[in-house]
Amino acid sequence: MTHSSQRQSLVLAGTVGLLLATVWPAAAQQPAPAQQPAPASQAAPLPPGSPLIGRPDTADAKKLAPVPAPPVAAAADKLPLDKLKAPKGFKVEVYASGMANARSLALGDKGTVFVGSRLLDKVYAIVDKGGKREVKVIASGLYRPNGVAFKNGTLYIAELSQISKIEGIEDKLDNPPKPTVIYSDLPKDEAHGWKYLAIGPDNKLYFGVGQPCNNCIPSDQHGQMRRINLDGSGAEVIAHGIRQSVGFDWHPVAKEIYFTDNSRDWMSEDLPNDELNRMTKVGQHFGSPYCYQGDLPDQEFGWGRKCSEFTPPIALMGPHAAALGMKFYTGSSFPSKYKNQILVARHGSWNKTNKIGGDVVLVNIKKDGSAGPIEPFLTGFLDNNSYVGRPVDVLVMKDGSVLVSDDWNGAVWRVSAGGNARTATAR
Amino acid sequence: MRSLAVGAILAGLAAQAAGAQPLEARLPTCFACHGENGTSQLPEIPSLGAQPAFYTTVQLLMFRDRLRVTEPMNEMAKGLTDAELQKAADTISKLPPPTPVSNTPDAARMDKARALSQQHRCNFCHQANYAGQENVPRLAGQREDYLLKALRGYKDNSRRGYDAQMSEVVYDLKDEDFVELAYFLARQK
């Protein structure tokens, strides 16, 4: 995918109307409230360097704000299954629901699916009892337990500022022990503090430490990726210049880690793109906050720096699209073109008048490890510029089907291939 | 003294174990602290008038589930069902907007703070008239001391938000900015 040739532009869309979508379980979609009148006097000049200089001052300027997820799960009969579309020959169904703020996914040795949360305090477990799925809460009272990973019977949980574990969890789902903390040398900043957690081929736990801001020079504790041993020892910083990564996985053959990174807000509606990166060695710097998307010097911190100093992304994932969880497809039931390609969940934008994302895309990965074209895989979460769902993470099951978590509905979707699955052209 | 009144109320609360009462029985206690008509007279206790229902529901849920720990609110929200949380939020959203500070404001301070608010885009999420929307609270006419407390809480991570947006917003702000913003917002109608 080629990089955009657009250079930085401070022109925001400045079109009309408020964008609001209230989604509350069992509640009908509420209409946007009437436009509030602007205050009588806004004569004060903007301070020098304000990024709002040049913004069209229309009375109905759209106000962009993060789109809040409902704090309770959607009722099973209110799930938007009929809105979701997968390529021809694939089937979409509800895997499980009733998990408010369902986020990252991990698979236990006995088939239990563990689900973290970001806005709430819970870790869930989905148990498949002969096709009937049951949801349990196996940990609560945690602080943004977004990251979950599993190895040799042990569940690892990444909260905002600590990593913990529960051993032998699959045999104790109805009476789970409290997690034991294994690592807590982490900053406590809320902003971009929630973590993705995964275990590499080297048997180490990997996680990011996001930037505690929209855009700032990081301390030596932030804007990086770290790894630790499974007992919490041996922490090392392995990469810098990562604003916030909420998804990563290892190439099944080359074993290199690929990760998504969410780029900054409030530069423009169309720039910079979120990134898909590939780490080829320890110690690389991926650009934030000096350079975004490989070729866009930051308007504030890019002065005196060159983008060529940093490692560029291998693919652009859309501006503000919020590329999050991702997995290399390693199953055998999808058509062969999916093998060792990456499925990426795009949570969907808020810093953009016309939203993008709200889908799962397939990023083609070539034999040399670089990225080829990107095509839609599971779409429909974005409907008429409003969210009916928001995908967060992807998990490949032993039967080759793919699970997709959705923190808007508090549900997990399942996409499986039929006998005549064919690849479809982009929708 | 107001604080003695609050103490008496809280003592009464403990005796009655608010956590076991239905919503209707708790509402008088809510209004005793937060004010019956949307405006709080008690230091650092927020006015609730005209707060967006989504925001209030989420905050009550956070108190109930101890995602935000601030007594007596955890006790006040204990055991309420999701439907009761929403009902409480709807009731609160219909209270009249709080009465803003009415003395003649220092025009220079107001101008500077207005520019600060525009620069940091407070008037985006909170809207141009600071009435809030969805998960974003109303700021117009809120108690000045409460606004200051909230901003400081986001800055030192002692106040947990639903998402982490405010934490990101205050990263670039200093305490003297909070003082000016609180002054300005408390005087917005």
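(A) Fine view of the overall build of chain B. Helix and strand counts for chain B stand at ten helices and zero strands. Start at the N end of chain B and walk to the C end: the helices and strands fall as α-α-α-α-α-α-α-α-α-α. Here the C-alpha radius of gyration of chain B, 17 Å, is about what a compact globule of 189 residues would show, namely 16 Å. By principal-axis analysis of the C-alpha atoms, chain B measures approximately 50 × 35 × 30 Å. Residue burial in chain B is summarised as follows: out of 189 residues, 42% are buried. Within chain B, contacts between residues at least 6 apart in sequence are counted, and of these 72% link residues at least 24 apart.

(B) Spotlight on the sheet that holds strand 16 (residues 273-279) of chain A. All names here are of chain A. Taken in spatial order, the four strands make up an open sheet running 14-15-16-20, and their pairing is antiparallel. Strands with a single pairing partner mark the edges of an open sheet, and in this sheet they are strand 14 (248-250) and strand 20 (315-319). Across the sheet, the mean angle from the axis of one strand to that of its neighbour is 20°, orientation sign disregarded. For strand 15 (residues 257-261) and strand 16, the ladder comprises five bridges, and the chain directions are antiparallel. Within the sheet, the bridge partner assigned to F259 lies in strand 16 and is N277.

(C) Summary view of the nonpolar core. Counting residues in each nonpolar core, the largest one holds 122 residues, and the members touching the most others are V115(A), V148(A), L343(A), V344(A), V404(A) and V412(A). If you tally residues by element for this core, the top one is helix 3 (residues 53-64) of chain B, at eight residues. For this core, the two domains that each supply at least three residues are domain 1 (2-93) and domain 2 (107-186) of chain B. Each residue touching L343(A), except ones within four places of it in the same chain, is listed here: M326(A), K327(A), Y329(A), V360(A), L362(A), F377(A), V394(A) and V402(A). Core analysis: the next-biggest nonpolar cluster, separate from the first, contains 18 residues, Y130(B), Y154(B), L181(B) and L185(B) among them.

(D) Examining the interface of chain B and chain A more closely. Taken together, the contact pairs 33 residues of chain B with 32 residues of chain A. Sorting the residues of the side of chain B that touches chain A by element identifies helix 3, helix 6 (107-119), helix 7 (122-125) and helix 9 (165-169) of chain B as the ones contributing at least two each. Among the elements that take part in the side of chain B that touches chain A, helix 6 of chain B stands out by supplying five residues, more than any other.

(E) The arrangement of the sheet that holds strand 4 (residues 123-129) of chain A in detail. All names here are of chain A. Ordered by their spatial adjacency, four strands build an open sheet running 2-3-4-5, and the pairing between neighbours is antiparallel. Of all strands in the sheet, those bounded by a partner on one side alone are strand 2 (105-107) and strand 5 (132-139). Each strand axis lies, on average, 25° off the axis of its neighbour in the sheet, ignoring direction. Two elements, strand 4 and strand 5, share seven bridges in a ladder whose sense is antiparallel. Bridged to I126 within strand 5 is V135.

(F) Fine view of the confidence of the model for chain A. All names here are of chain A. Across chain A, the average pLDDT comes to 87, with 83% of residues at or above 70. Contacts for the low-pLDDT stretch residues 1-44, under 50 throughout, to residues beyond four places or in other chains number 81 contacts. For residues 46-62, every residue scores under 50 in pLDDT, and the model assigns this stretch 32 contacts once sequence neighbours within four places are set aside.

(G) How the structure looks around the packing of helix 8 (residues 144-155) of chain B against helix 10 (residues 175-186) of chain B. All names here are of chain B. Look at helix 8 against helix 10: their axes get within 8 Å of each other, and the N-to-C directions meet at 140°. It follows from the interaxial angle that helix 8 and helix 10 lie oblique. Both helix 8 and helix 10 take part in a crossing whose hand is right-handed. Listed contacts from helix 10 to E144, L147, L148, L151 and R152 of helix 8 are F178, V179, L181, A182, Y183, L185 and A186.

(H) Inspection of the pairing of strand 27 (residues 391-396) of chain A at higher detail. For strand 27 of chain A, the buried fraction is high: six of the six residues fall into the buried class. Linking strand 27 of chain A back to strand 28 (residues 402-406) of chain A in an antiparallel pair, the connection comprises five residues, with G400(A) at a positive phi of about 85°.

(I) The packing of helix 6 of chain B against helix 10 of chain B, seen in detail. Residues and elements named next belong to chain B. At a minimum axis distance of 9 Å, the contact between helix 6 and helix 10 shows a crossing angle of 105°. Considering the angle they form, helix 6 stands roughly perpendicular to helix 10. Between helix 6 and helix 10, the residues in contact are R109, M110, K112, A113, R114, L116 and S117 and D177, E180, L181, Y183 and F184, respectively. A breakdown of the residues in the contact of helix 6 with helix 10 according to their chemical character gives six nonpolar, one polar and five charged.

(J) Expanded view of the pairing of strand 13 (residues 236-240) of chain A. Residues and elements named next belong to chain A. Sheet topology places strand 12 (residues 224-229) next to strand 13; four bridges connect them, and they run antiparallel. Pairing of R227 across the sheet is with E236, part of strand 13. Hairpin connection between strand 12 and strand 13: a loop of six residues separates the two successive antiparallel strands, and G232 in this loop has a positive phi of roughly 90°. Where strand 13 meets strand 17 (residues 284-285), two bridges bridge the pair, whose relative direction is parallel. Bridge pairing links H240 to H285 in strand 17.

(K) Representation of the environment of Q51(B) in the model. All names here are of chain B. Summarising the element assignment, Q51 is placed in the loop between helix 2 (23-34) and helix 3. We classify Q51 as buried; it has 25 C-beta atoms within 10 Å. Taking the C-alpha atoms as reference points, Q51 and T91, 40 residues apart in sequence, are found 9.9 Å from one another. Beyond its immediate stretch of four places on either side in the chain, Q51 contacts T56, I92, S93, P137 and R138.

What counts, and at which threshold
- Residues numbered from 1 in each chain as written.
- Chains lettered and ligands numbered in written order.
- Predicted model: local features only at pLDDT ≥ 70, side-chain atom pairs only at ≥ 80, totals over all residues.
- Helix = DSSP H or I, 4+ residues; strand = E, 2+ residues; numbered from the N terminus.
- Rg over C-alpha atoms; globule rule 2.2 N^0.38 Å.
- Buried ≥ 20, exposed ≤ 12 C-beta atoms within 10 Å, placed from the backbone.
- Contact = placed C-beta atoms within 7 Å.
- Pairing = 2+ DSSP bridges.
- Axes fitted to C-alpha atoms, helices over the stretch in contact; angles between N-to-C directions.
- Core = buried A, V, L, I, M, F, W, Y, C linked by C-beta atoms within 7 Å.
- Domains from an automatic or database assignment.
- pLDDT = per-residue confidence, 0-100.
- Parallel < 35°, antiparallel > 145°, perpendicular 65-115°, else oblique.
- Left-handed = near helix turned anticlockwise from the far one by under 90°.
- Nonpolar A, V, L, I, M, F, W, Y, C, P; charged D, E, K, R; others polar.

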